[in-house]
Amino acid sequence: MQYRKRFAALALAIAFIAAPVFAQSVERAKYVFVFIGDGMSMAQVSAAEVYARSMAGTSPGFVKLGFTQFPAQGLTTTYDSTSIITDSASAGTAIATGNKTASGVINMDPGKTIRFKTIAEYAKEAGMRVGIVSNVSLDHATPAAFYAKVPSRGDIYDICVQLAASGFDYFGGGGLSQPKGKLGDQPDAVEMARRAGYTVVTSAAAFRALKPVAGQKVLAMNETLQDSSSMPYEIDREEGDLSLADYVAKGIELLFNPKGFFFMVESGKIDWACHANDAAASIGDTLAFDRAIAKAMEFQKKYPKDTLIIVTGDHETGGMSIGFAGTKYSTAFGRIALQKGSYVQFDSQVIAGYKDGRTIADANLADILPEIKRFFGIDYAALSQAEQEMIQRSFIRTMKGEVERAAQESVYLMYGGYEPLTVTLTHIANQAAGIGWTTYSHTGIPVPTYALGRSQALFDGYYDNTEIFTKLAAVMGIKLPAAVKK
Ligand SMILES: [Zn+2]
């Protein structure tokens, strides 16, 4: 029985990794960039473009981002083996290995017996250098999908250990969320990385001073970390703090060599912002992602015959759309600019401070209204009675610490698992701008994929996320075995 199960899973792997035949001619690229906007589909991209236009003028329109002007564009389905609505683990597995798997699984089959080899591992084997950058923790699902194999994305310590043993040349961005395990009692994975030869960098000054050295391996973790060991949202980033673009520029400098490189860059907090239904944070990170991609575009201009850049999303998050029932055909994206920080910043700076030492008995919504005005640009007195009541109800829930009661369905629909007052405020602010949300989770609609450079035309059309792997493998000259069983 066990053998039969294994055999069936192996057959599945073979079916998905059949040698691809492309209608277009395939020309090799030595330098390959894969940019993944986590949770980024058409709505997230369009919201950033409409916002950019609203900042630049008054007539409606889009200011196109750098990557949305790439000459090749496709649509990519993202479903996994268990659901139309994927997660970053199975979506990352599809992009990195060409295999569908179950939600939550990284680089193993749904039965969790077969281990899949990743495009980054193939690249390393072929003598290319490999870089992995993410602005969320480097042990998170999307970056892990390029170097780790675990039955569950929750096996974070195992992911950290596999990072240290990967031999990849450059890791940069967020920190590690569990380098010593869930309980903090395991051998330190950062130490393991040091022993494996990594130069470990944790300050902006040391990061800026990094220079390419033959044989050097770098693990660079951002000096400033926000929620869950991630880099701060762009909207919260302080002057002088490193940006995602800095990590891309440094990666290009460190990875550049005559044998080529494979460089994966994730913008992971577009997803987190959209889970929390915070359009301002999502738009800020999407625009910052475009600036990071611009660094690769500069490189591509210098090495057009050797470079391919692709930009895609792993899935959509939030069911974001432009259009809300309450505002019908109008939008007011300028209102997004009134928000001073992300929902995380409002939770930690405003709500936590107000709750400190106060109970529901001595809490008064009027105390916090000036902060709501300052942070979100929401003038309470100018709201409808229904909106005022929503704020009053959510304020009481927040003061009672009732976030955990979100398990109750009606409460979940209003607040997800988020701080009730904060998510109510982002909803009111977003809806006033004409942005609506359908969920606090992912959705199943396809994502756009953009390509610029060598063999770009391969990425035109409508295809599945597993095909991103086979297309990349072809462009990188990787010969795929009949089955991936490793
Ligand atoms: Zn997500």
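A closer look at unusual backbone geometry
Okay, so step 1: Even without being a glycine, Ser228 presents a positive backbone phi close to 50°.
Okay, so step 2: Here Ser228 is to be found in the loop between β6 (217-221) and α9 (244-255).
Okay, so step 3: In this structure, Ser229 is a non-glycine residue whose phi angle is positive, near 60°.
Okay, so step 4: If you trace the backbone, Ser229 turns up in the loop between β6 and α9.
Okay, so step 5: Of the residues examined, Ser229 reaches a relative accessible area of 18% and is grouped as buried.

Some details on the environment of Leu421
Okay, so step 1: By the secondary structure assignment, Leu421 is in helix α16 (residues 420-433).
Okay, so step 2: For Leu421, a relative accessible area of 0% corresponds to the buried category.
Okay, so step 3: Residues Leu421 and Gly197, 224 residues apart in the sequence, show an inter-C-alpha distance of 47 Å.
Okay, so step 4: Ignoring sequence-local partners within four residues, the contact set of Leu421 consists of Ile351, Ile368, Ile391, Ser394, Phe395 and Thr398.

A closer look at the coordination of the zinc ion
Okay, so step 1: Protein-derived ligands of the zinc ion are Asp271 (OD), Asp271 (OD), His275 (NE2) and His442 (NE2), with the metal-ligand distances lying across 2.1 to 2.3 Å.
Okay, so step 2: One can describe the donor arrangement at the zinc ion as irregular, given that its four donor atoms subtend angles of 57 to 151° at the metal.
Okay, so step 3: In primary sequence terms, the donor set of the zinc ion follows D-x3-H-x166-H. Here His442 lies in strand β12 (residues 442-443) and His275 lies in helix α10 (residues 269-275), a separation of 167 residues in the sequence.

What to know about the nonpolar core
Proteins that are soluble and globular tend to have nonpolar side chains buried together.
Okay, so step 1: Core analysis: the biggest nonpolar cluster contains 56 residues, and Phe146, Phe262 and Leu472 have the highest contact counts within it.
Okay, so step 2: Looking at this core element by element, the count peaks at six residues for helix α6 (residues 156-165).
Okay, so step 3: With residues up to four places along the chain from it excluded, the contact list for Leu472 reads Val32, Val34, Ile119, Leu308, Ile310 and Phe459.
Okay, so step 4: Residues Leu65, Val248, Leu287 and Ile435 belong to the second largest nonpolar core, which totals 54 residues.

As for the pattern of salt bridges
Okay, so step 1: Following the criterion strictly, the structure yields 15 salt bridges and no others.
Okay, so step 2: Two residues, Glu121 and Lys149, come together in a salt bridge whose shortest N-O distance is 2.7 Å. Taken together, the residues Glu121 in helix α4 (residues 119-125) and Lys149 in the loop between α5 (141-144) and α6 connect sequence positions 28 residues apart. Just as Glu121 is buried, Lys149 falls in that class too.
Okay, so step 3: Two residues, Glu191 and Arg194, come together in a salt bridge whose shortest N-O distance is 2.7 Å. On the criterion of helical spacing, the pair formed by Glu191 and Arg194 is a turn pair, its members being three residues apart in helix α7 (residues 189-195).

Quick look at the domain arrangement of the protein
You'll often see interface size given as the accessible area lost when the parts meet.
Okay, so step 1: Each assigned domain of the protein is listed with its residue range as follows: domain 1 (2-320 + 446-475) and domain 2 (321-436).
Okay, so step 2: Spacing between the C-alpha centres of domain 1 and domain 2 amounts to 32 Å.
Okay, so step 3: Each partner contributes to the interface: domain 1 provides 24 residues, whereas domain 2 provides 20 residues.
Okay, so step 4: Of the roughly 1,700 Å² buried between domain 1 and domain 2 on both sides combined, carbon and sulfur atoms contribute 63%.
Okay, so step 5: The largest contributions to the domain 1 side of the interface with domain 2 come from Ala276, Asn277 and Asp278, which together make up 24% of the buried area.
Okay, so step 6: On inspection of domain 1 and its partner domain 2, the count reaches zero salt bridges.
Okay, so step 7: Remark: the boundary between domain 1 and domain 2 carries seven residue pairs in polar contact (both at pLDDT 80 or more).

Scoring rules and cut-offs
Residues numbered from 1 in each chain as written. Predicted model: local features only at pLDDT ≥ 70, side-chain atom pairs only at ≥ 80, totals over all residues. Heavy atoms only, no water. Helix = DSSP H or I, 4+ residues; strand = E, 2+ residues; numbered from the N terminus. Buried < 20%, exposed > 50% of the residue type's maximum accessible area, 1.4 Å probe, protein only. Contact = heavy atoms within 4.5 Å. Donors = N, O, S within 2.8 Å, 3.2 Å for Na, K, Ca; no water. Tetrahedral: all angles 85-135°; square planar, octahedral: opposite > 155°, others 65-115°. Core = buried A, V, L, I, M, F, W, Y, C linked by side-chain atoms within 4.5 Å. Salt bridge = Lys/Arg side-chain N within 4 Å of Asp/Glu carboxyl O. Domains from an automatic or database assignment. Buried area = accessible area lost by both parts, 1.4 Å probe. Polar contact = N/O pair within 3.5 Å; in protein donor to acceptor, adjacent residues only side chain to side chain.

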